[in-house]
Amino acid sequence: MITLLDYGAGNVRSVINAIESLGQKVKIVSGIDDLLSAEKLVFPGVGNFGSMMRILNDNNYVDALKEYLLSGRPFLGICLGLHALFEKSEEAPGTKGLGLISGQVKKFDIDLSVPHIGWNGINIKKPSLIFNGLRGDEKFYFVHSFHVVPDDDSVVLTTTNYGIEFVSGIQKGNITATQFHPEKSGTAGIKVLKNFLEPGSEKKATTHVLKETMLSKRIVACLDVRSNDHGDLVVTKGDQYDVRENGDVRNLGKPVELARTYYEQGADEITFLNITGFRDFPLEDIPMMDVLKHTSKNVFVPLTIGGGIRDYTDKHGRKYTALEVATQYFRSGADKISIGGDAVLIAEAYLRTGKKTGNSSIEQISKVYGAQAVVVSIDPRRVYVSSPDQITHQVIKTEKIGPLGEKYCWYQCTIKGGREGRDLDAITLAQICEKLGAGEILLNCIDKDGTDSGYDIELINAVKNAVTIPVIASSGAGCVEHFYEVFTKTQAESALAAGIFHRKEVSIAEVKNYLSGKVETRLVKNN
Ligand code: 1PR
């Protein structure tokens, strides 16, 4: 029996699913006695150091947890479960950590995008049972803005390079903790968990020693989901956001099955967009929750869900906050949520007042679950202008001359699935959302969606250069070369595609094989 300490934030379901996939049972801590009597304890966490320690203190878990850690019984900490072991964190100055490892947690101070999101390697510094059976060149999934700095080098188990060489794993006696998420790291991560749950006796040294690890560019498979006219939940795909063909909603498959297929092909992430979420209430949309629950049972890469994340009043007058909606999604197996229409309205309000209210969905979800869990999905449409002074929006000079010979354009934000254009440009939206606490931008483009004509490089560069958070380029991929183009002509961290994968024109494995040797990616055969 594995005991799991769930302090109420982030996606513990995926850790439970990963452990259960290895045939083990999980008991969730519901009181101090569960901690004290645990045989093997896993402490996963995403979110904020301050709120984690507050919850541990409020539940009187701190002393029991320390007692467990000092007892010599096996412990695996993941992400914040690693940070908790340290004395303090720059994420919450003044808040004390458990202090079992001397040192502190610091914010990344680098020129690269923060959070550090994605698949990166590890340099294994000492033999450990948890790496038995691994070669050492596998990639693992990271998502964090802070990293640990132990005082004593002897506890360092692994390091990873991202602007600096930082400590990505520690081991001290019975205590093992990783910055990366084994439960989200495909088969390599599952192997690490298995080694923790059923350790052999022999520490086999890994055979591959990396000099410097590299963050991979991510390939994201996107599943636009909605009910068709017969009431079945289907994966659909639009052509410039029009998902109907001869009057019917295009049906390209079943969400859970397709997600599993893409996971097996090597998708680094799966995104579900509930594309009618703007008009329905997601908490009444039980099938969508079920999609997440079933998918997260056997898909061990990050899952993002978008659609309908906003404050809502139901037909009985009960009010729900966007945070409550997001919490249900996290509890169902999502690692990140994506906010579309609501982000536009929030940014418009911010532009009117110039003030952060702290009440917006972006701020609230980011505060509780961390910036890395909040993606803002932008649905812009290109609008040509003959001169930049014609409008107040951020305008770019374009090489694709407009129909009336215009040399400039701006990207107008839309809401309600592209149905309503707003007086806000995509660059400004991205900048405001970053300020309010978003951790990533999913940058669609209505003009390119479903066209197979390649990504809108000008749009991606304009937005990427305006923010410091990672950007997922989306819309228009029609062949493997388009992925190469977006990664070499822009600094986007990820490329998302839908149609070519659903129509089986190109598989994810083919994209990765094409990029191999040209662009850093996670090759499935290596993981
Ligand atoms: O506004 O918070 O409820 O979120 C709704 C979400 O649903 C938004 O993220 C919005 O992008 C999405 N959405 C709404 N309507 C549509 C539609 O297609 N009618 N889909 C829609 C957006 C675009 C991408 C697509 C890429 C790649 N889909 O998801 O997957 O363009 O496609 P391609 O590779 O085939 O070119 P809210």
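Please refer to the structure higher up on the page.
Predicted, not measured: the structure shown is a model, and the values here were computed from it. (Residues numbered from 1 in each chain as written. Predicted model: local features only at pLDDT ≥ 70, side-chain atom pairs only at ≥ 80, totals over all residues. Heavy atoms only, no water.)

Student: Which parts of the structure should I look at to understand the environment of Thr 213?
Tutor: On the secondary structure map, Thr 213 appears in the loop between helix H6 (186-197) and strand S14 (218-227). C-alpha separation for the pair Thr 213 and Ile 122, spaced 91 residues apart in sequence, amounts to 6.4 Å. The residues touching Thr 213, leaving out its near neighbours within four places in the chain, are Asn 120, Gly 121, Ile 122, Asn 123, Thr 159, Thr 160 and Asn 161. Only 2.9 Å separates the side chain of Thr 213 from the side chain of Asn 120, close enough to count as a polar contact. Of note is the side chain of Thr 213, whose polar atom sits 2.7 Å from the backbone nitrogen of Asn 161. (Helix = DSSP H or I, 4+ residues; strand = E, 2+ residues; numbered from the N terminus. Contact = heavy atoms within 4.5 Å. Polar contact = N/O pair within 3.5 Å; in protein donor to acceptor, adjacent residues only side chain to side chain.)

Student: Explanation requested: the site of the ligand in the structure shown.
Tutor: For the ligand, the set of nearby residues contains 25 residues, the closest of which are Lys 237, Ser 377, Asp 379, Asp 449 and Ser 475. At 2.5 Å, a side-chain N or O of Asp 379 approaches an oxygen atom of the ligand. In this structure, an oxygen atom belonging to the ligand sits 2.6 Å away from a side-chain N or O atom of Ser 475. Calculation on the ligand without its partners gives an accessible area of 770 Å², and the protein chains cover 98% of this total. (Near = heavy atom within 4 Å. Areas by Shrake-Rupley, 256 points an atom, 1.4 Å probe, with all protein chains shown as cover.)

Student: Help me understand the environment of Val 243 in this model?
Tutor: Relative to the elements of secondary structure, Val 243 occurs in the loop between strand S15 (233-236) and strand S16 (244-245). Under the relative-accessibility criterion, Val 243 is labelled buried at 9%. For the pair formed by Val 243 and Gly 450, sequence separation is 207 residues and the distance between their alpha carbons is 9.8 Å. Apart from the residues lying within four places of it in its own chain, the contact partners of Val 243 are Arg 226, Thr 236, Lys 237, Gly 238, Asp 248, Val 249, Arg 250 and Ile 275. (Buried < 20%, exposed > 50% of the residue type's maximum accessible area, 1.4 Å probe, protein only.)

Student: Looking at this structure, I do not really get the packing of helix H13 (residues 457-464) against helix H14 (residues 480-489). What am I missing?
Tutor: Helix-helix packing is described using two parameters, namely the angle between the two axes and the distance between the axes. Running from amino to carboxyl end, H13 crosses H14 at an angle of 35 degrees, the nearest separation of the two axes being 10 Å. Crossing geometry of H13 relative to H14 is assigned as right-handed. Residue-level inspection shows Ile 457, Ile 460 and Asn 461 of H13 in contact with H14, the latter providing Glu 485, Val 486 and Lys 489. Class assignment of the residues belonging to the contact of H13 with H14 gives a composition of three nonpolar, one polar and two charged. (Axes fitted to C-alpha atoms, helices over the stretch in contact; angles between N-to-C directions. Left-handed = near helix turned anticlockwise from the far one by under 90°. Nonpolar A, V, L, I, M, F, W, Y, C, P; charged D, E, K, R; others polar.)

Student: Sorry if this is basic, but what is going on with helix H12 (residues 426-436) here?
Tutor: Along an α-helix, residues three or four positions apart point the same way, because every turn accommodates 3.6 residues. Taken across its eleven residues, H12 has eight buried, putting it largely inside the fold. Of all the positions in H12, only Ala 426, Ile 427, Thr 428, Leu 429, Ala 430, Ile 432, Cys 433 and Leu 436 are classed as buried. Where H12 begins, the capping side chain belongs to Asp 425, and its oxygen is found 3.1 Å from the backbone nitrogen of Ile 427. Just past H12, the residue Gly 437 takes up positive phi, approximately 120 degrees.

Student: Help me understand the nonpolar core in this model?
Tutor: In globular proteins that are soluble, nonpolar side chains generally tend to be buried together. Ranked by size, the top nonpolar core spans 122 residues in total, and within it Ile 270, Ile 365 and Phe 483 carry the most contacts. By residue number, the principal contributor to this core is H12, which donates seven residues. Aside from chain neighbours lying at most four places away, what touches Ile 270 is Ala 221, Leu 223, Ala 259, Tyr 262, Tyr 263, Val 299, Val 301, Pro 302, Leu 303 and Thr 304. Counting residues in hydrophobic clusters, the runner-up holds 36 residues, among them Phe 43, Tyr 61, Ile 101 and Val 167. (Core = buried A, V, L, I, M, F, W, Y, C linked by side-chain atoms within 4.5 Å.)

Student: Honestly, unusual backbone geometry in this entry has me stumped. Any pointers?
Tutor: Glycine aside, residues mostly have negative phi angles, and peptide bonds mostly take the trans form. That bond from Val 114 to Pro 115 is cis: its omega, 5 degrees, falls within 30 degrees of zero. Following the sequence through the fold, Pro 115 ends up in the loop between strand S6 (103-107) and strand S7 (116-120). Its identity is not glycine, yet Asn 60 carries a phi of approximately 60 degrees, on the positive side. Position of Asn 60 relative to the elements: it lies in the loop between helix H3 (49-58) and helix H4 (61-70).

Student: How do you make sense of the packing of helix H9 (residues 322-332) against helix H11 (residues 361-369) when you look at a structure like this?
Tutor: Here H9 crosses H11 at 45 degrees, and the two axes come no closer than 9 Å. Overall, the two elements H9 and H11 adopt an arrangement that is oblique. Considering how the two elements wind past one another, H9 and H11 form a crossing that is right-handed. Contacts between H9 and H11 involve Ala 322, Leu 323, Ala 326, Thr 327 and Phe 330 from the former and Ser 361, Gln 364, Ile 365, Val 368 and Tyr 369 from the latter. Residues of the contact of H9 with H11, tallied by class, amount to seven nonpolar, three polar and no charged. (Parallel < 35°, antiparallel > 145°, perpendicular 65-115°, else oblique.)

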